[in-house]
2 protein chains.
Amino acid sequence: MHARHLPASTLVAALFATGLAAHAMEPLPAKVPVPADNPITASKVELGKELYFDPRLSVDGTVSCNSCHNVMAGGTDNRPVSVGVGGKKGSRSAPTVWNSAYLTAQFWDGRAPTLEEQAKGPILNPVEMGMPSADVVVARIKGIPGYAEEFKSVFGGKDPVTYDNIAKAIATYERTLVTRNSPFDRYMHGDKHALSAQAQRGMKLVEQIGCTACHMGPNFAGPTALPMGQGFYQKFPLNTDNDYVKKYHLEDDLGRYQVTKNDNDKHMWRVPTWRNVALNAPYFHNGSVPTLDEAVRVMARTQLNTTLTDAQVADIVTFLNSLTGEFPKQTLPRLPATTGSSPVADK
Amino acid sequence: MHARHLPASTLVAALFATGLAAHAMEPLPAKVPVPADNPITASKVELGKELYFDPRLSVDGTVSCNSCHNVMAGGTDNRPVSVGVGGKKGSRSAPTVWNSAYLTAQFWDGRAPTLEEQAKGPILNPVEMGMPSADVVVARIKGIPGYAEEFKSVFGGKDPVTYDNIAKAIATYERTLVTRNSPFDRYMHGDKHALSAQAQRGMKLVEQIGCTACHMGPNFAGPTALPMGQGFYQKFPLNTDNDYVKKYHLEDDLGRYQVTKNDNDKHMWRVPTWRNVALNAPYFHNGSVPTLDEAVRVMARTQLNTTLTDAQVADIVTFLNSLTGEFPKQTLPRLPATTGSSPVADK
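Residues numbered from 1 in each chain as written. Chains lettered and ligands numbered in written order. Predicted model: local features only at pLDDT ≥ 70, side-chain atom pairs only at ≥ 80, totals over all residues.

Glancing now at the overall build of chain A. The helix and strand inventory of chain A stands at 13 helices and two strands. The C-alpha radius of gyration of chain A comes to 21 Å, within 12% of the 20 Å expected for a compact globule of 347 residues. Across its three principal directions, the C-alpha atoms of chain A cover 65 × 45 × 40 Å. Per-residue burial over chain A gives 51% buried out of 347 residues. Across chain A, contacts joining residues at least 24 apart in sequence account for 68% of those joining residues at least 6 apart. (Helix = DSSP H or I, 4+ residues; strand = E, 2+ residues; numbered from the N terminus. Rg over C-alpha atoms; globule rule 2.2 N^0.38 Å. Buried ≥ 20, exposed ≤ 12 C-beta atoms within 10 Å, placed from the backbone. Contact = placed C-beta atoms within 7 Å.)

Now the structure itself:
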């Protein structure tokens, strides 16, 4: 039996019992997890940043990773669902790229175990970046002389421009996208004035009513102790006896079931991060809820069978705002030039 | 009679006669022209940069100024024609934003006299950013608290968020987008090793065959002495007795005539810059020519009735590559947050 098939509450109880989840709320660790086969180097970060911002990774040269996961904002596009090539729309709201390095599984349904695997998805998704195959992506990137040189310098070897290496570079850049030093982190590091009385009330409340059974750990997205690739899932909506479920179409998408076809995974979702959540309206996998206070009400009712007072909602929202961190300064990348002819055909 | 209605060749002869165009080729002046009513300040540049990169200036939150005029690249989208909201396509290729501060008229047809006026166009163009009205733009920006504060700090007054001020901020950022210190500029400043022998041959050739009758001045886009708002136009194609005209659909668009409805303006175009031209394939107002060498052949034949040898084309292309300048380092802007609810409605 795999732990991920247990209800999250059972898993949490087990983790607490083993001491793995002794601290429900934690500041961000100083270092992000890094796979052994993809160490972070400065030149790889720079290459990854270029690829992340390069719309030439999409079939018609209009959509980059950053189009939907905007690092200049909270790491999303602030839309209910994203718009890909040709104005096509996906069915789920773009999750934030910020602090995604700390997640133990990627995508709303956790179907990618690593940032590397995640990066390979949207490029080939017909409603996102729409490239027809990994080979076409590789051929296009190889055809841009600046990229060919950079890949050689970063990865070495005879054939450095591969789809795997494209994903490795992008993932490496993403591992630098960490927002530290939020008021919450400063508070946890001993600055007791970093949180207002209201934020502190909200902080207590999310523990008391049970939000942090799932929104725990440094990213408020599950326990730290899970190995990379092991997602932390919860059923949503858990209680369906309320108007929110219909109003916000919360049961339309079967969630992780779409990946595993296991009945136990129906409506199971990777617990999303709370960090910078105040910047990333609209909310939930379908982006159906436009405001954070409504999202708090919905979650309390559907997951914890709790109806919050307006004052409680305000306290929790104030606490959630304290999870907005500092965004590291970055330089704009320079995209290697399209020399002489455009690699992007117009149709 | 307005000078802009004269054929460019007549105008050039007149300018040479008055000494206004004594130097056909010039390095970029140290300072960009700045309108008296819109002085450059650091905070206005930063605000303008945020707006320039902000897709919330488009109706569905998917297209920013930078989507088509990509400052991370050569200032264009490297596409034949740009793609706006809903996958809609325009009819002309995006001109580069780099060094546009030195142009005395904006757009391919020169219909905007200033960068401020230019900035107001695409936001409301239904096939570009698609906002329904200036009022809707202003209301959306006002609704983003961070912007409201910044406009107050930058522009002051009782009602600082106006469409005029949005355009002023964007234009101010664009005035910082100057690429200095190209090999050509270094050569003109005395470094005789900055250009290869081949580039120097190309440089002589473009004067000898007559390219620099129009591609003159520091931006290779017309004489410096023209007052702001006074565009420098040339008919294109001038000679229509060749296969290129049909092959590349060079006569399909009536150019400036579409603005003035004056028969003399049929197929008149603002002379585009040569700076960074090697980065900005495909070429011409309709983006019909994919490579720089072919663009050189077409121009020589249609404008100067000259058929170049392959060696001559290679020399000219090498010179044109020497006009790729240094791109100033910039920090990524932080876009003011959408707090609690998205201002961009999904349809």
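Okay, the interface of chain B and chain A next. Facing 38 residues of chain B, the contacting portion of chain A comprises 39 residues. Class assignment of the residues belonging to the side of chain B that touches chain A gives a composition of 18 nonpolar, 14 polar and six charged. (Nonpolar A, V, L, I, M, F, W, Y, C, P; charged D, E, K, R; others polar.)

Attention shifts here to the relation of the copies chain B and chain A. Under the fitted operation, chain B is carried onto chain A by 0.0 Å of movement along the axis and a turn of 180°, and the coordinates agree to an RMSD of 0.0 Å. In the structure described here, the two chain copies are related by an operation that fits a two-fold rotation axis. Closest approach to the rotation axis within chain B is made by the C-alpha atom of Thr-331 of chain B, at a distance of 2.1 Å. (Least-squares fit on C-alpha atoms with pLDDT ≥ 70 in both.)

Residues and elements named next belong to chain A. Under the domain assignment, chain A is made up of domain 1 (3–29 + 179–321) and domain 2 (42–174). The distance between the C-alpha centroids of domain 1 and domain 2 comes to 27 Å. Contacts between the two partners involve 33 residues from domain 1 and, on the opposite side, 25 residues from domain 2. Looking at the side of domain 1 that touches domain 2, the elements with two or more residues in it are α11 (257–260) and β2 (268–270). (Domains from an automatic or database assignment.)

Here we take up helix α12 (residues 292–304) of chain A. Residues and elements named next belong to chain A. Look at α12: 17 Å from first C-alpha to last across 13 residues, which is about the 18 Å you get at 1.5 Å a residue. A large share of α12 lies buried, amounting to eleven of its 13 residues. Looking at α12, one finds that the buried residues are Leu-292, Glu-294, Ala-295, Val-296, Arg-297, Val-298, Met-299, Ala-300, Arg-301, Thr-302 and Gln-303. Among the structural elements, α10 (243–247) and α13 (310–321) are those in contact with the buried residues of α12. One or two positions beyond α12, positive phi appears at Asn-305, with a value near 55°. (Expected span 1.5 Å × (residues − 1).)

Ile-170 and Leu-320 of chain A together with Ile-170 and Leu-320 of chain B are the most contacted members of the largest nonpolar core, which has 162 residues in total. With near-sequence residues (within four places) excluded, Leu-320 of chain B lies in contact with Trp-274, Val-277, Ala-278 and Leu-292 of chain B. (Core = buried A, V, L, I, M, F, W, Y, C linked by C-beta atoms within 7 Å.)

To continue, consider unusual backbone geometry. All names here are of chain A. Going from Phe-236 to Pro-237, the amide bond is cis rather than trans, its omega being -5°. Along the chain, the position of Pro-237 falls in the loop between β1 (233–235) and α10. Its identity is not glycine, yet Asn-181 carries a phi of approximately 65°, on the positive side. As for its position among the elements, Asn-181 is in the loop between α7 (163–174) and α8 (183–188). The backbone phi angle of Asn-305 is positive, close to 55°, even though this residue is not glycine.

A word on the environment of Leu-57 of chain B. All names here are of chain B. With respect to the helices and strands, Leu-57 occurs in the loop between α2 (42–52) and α3 (65–68). With 22 C-beta atoms packed within 10 Å, Leu-57 lands in the buried category. Linking Leu-57 and Ser-67, residues ten residues apart in sequence, is a C-alpha distance of 11 Å. Ignoring anything within four residues of it in the chain, the contact list for Leu-57 reads Leu-51, Ser-64, Ile-123, Met-129 and Val-137.

The end-to-end C-alpha separation of helix α2 (residues 42–53) of chain A is 17 Å, in line with the 16 Å expected for twelve residues at 1.5 Å each. Where α2 of chain A is concerned, the buried positions are Lys-44, Leu-47, Gly-48, Lys-49, Glu-50, Leu-51, Tyr-52 and Phe-53 of chain A.

This paragraph deals with the packing of helix α12 (residues 292–304) of chain B against helix α13 (residues 310–321) of chain B. All names here are of chain B. Following both chains from N to C, one finds α12 and α13 inclined at 115°, their axes separated by 9 Å at the closest point. The angle between the axes of α12 and α13 places the two elements in the roughly perpendicular class. Handedness of the α12/α13 crossing: right-handed. Between α12 and α13, the contacting residues are Leu-292, Asp-293, Val-296 and Arg-297 on the first element and Val-313, Ile-316, Val-317 and Leu-320 on the second. Partitioned by chemical class, the residues of the contact of α12 with α13 number six nonpolar, no polar and two charged. (Axes fitted to C-alpha atoms, helices over the stretch in contact; angles between N-to-C directions. Parallel < 35°, antiparallel > 145°, perpendicular 65-115°, else oblique. Left-handed = near helix turned anticlockwise from the far one by under 90°.)

Residues and elements named next belong to chain A. Of the residues in chain A, 91% have a pLDDT of 70 or more, and the chain-wide mean is 92. Counted against residues more than four places away or in other chains, residues 1–6, with its pLDDT under 50, gives six contacts. Across residues 16–22, where pLDDT falls below 50, the model places eight contacts with residues more than four positions away in sequence or in other chains. Reported for the predicted complex are a pTM of 0.91 and an ipTM of 0.89. (pLDDT = per-residue confidence, 0-100.)

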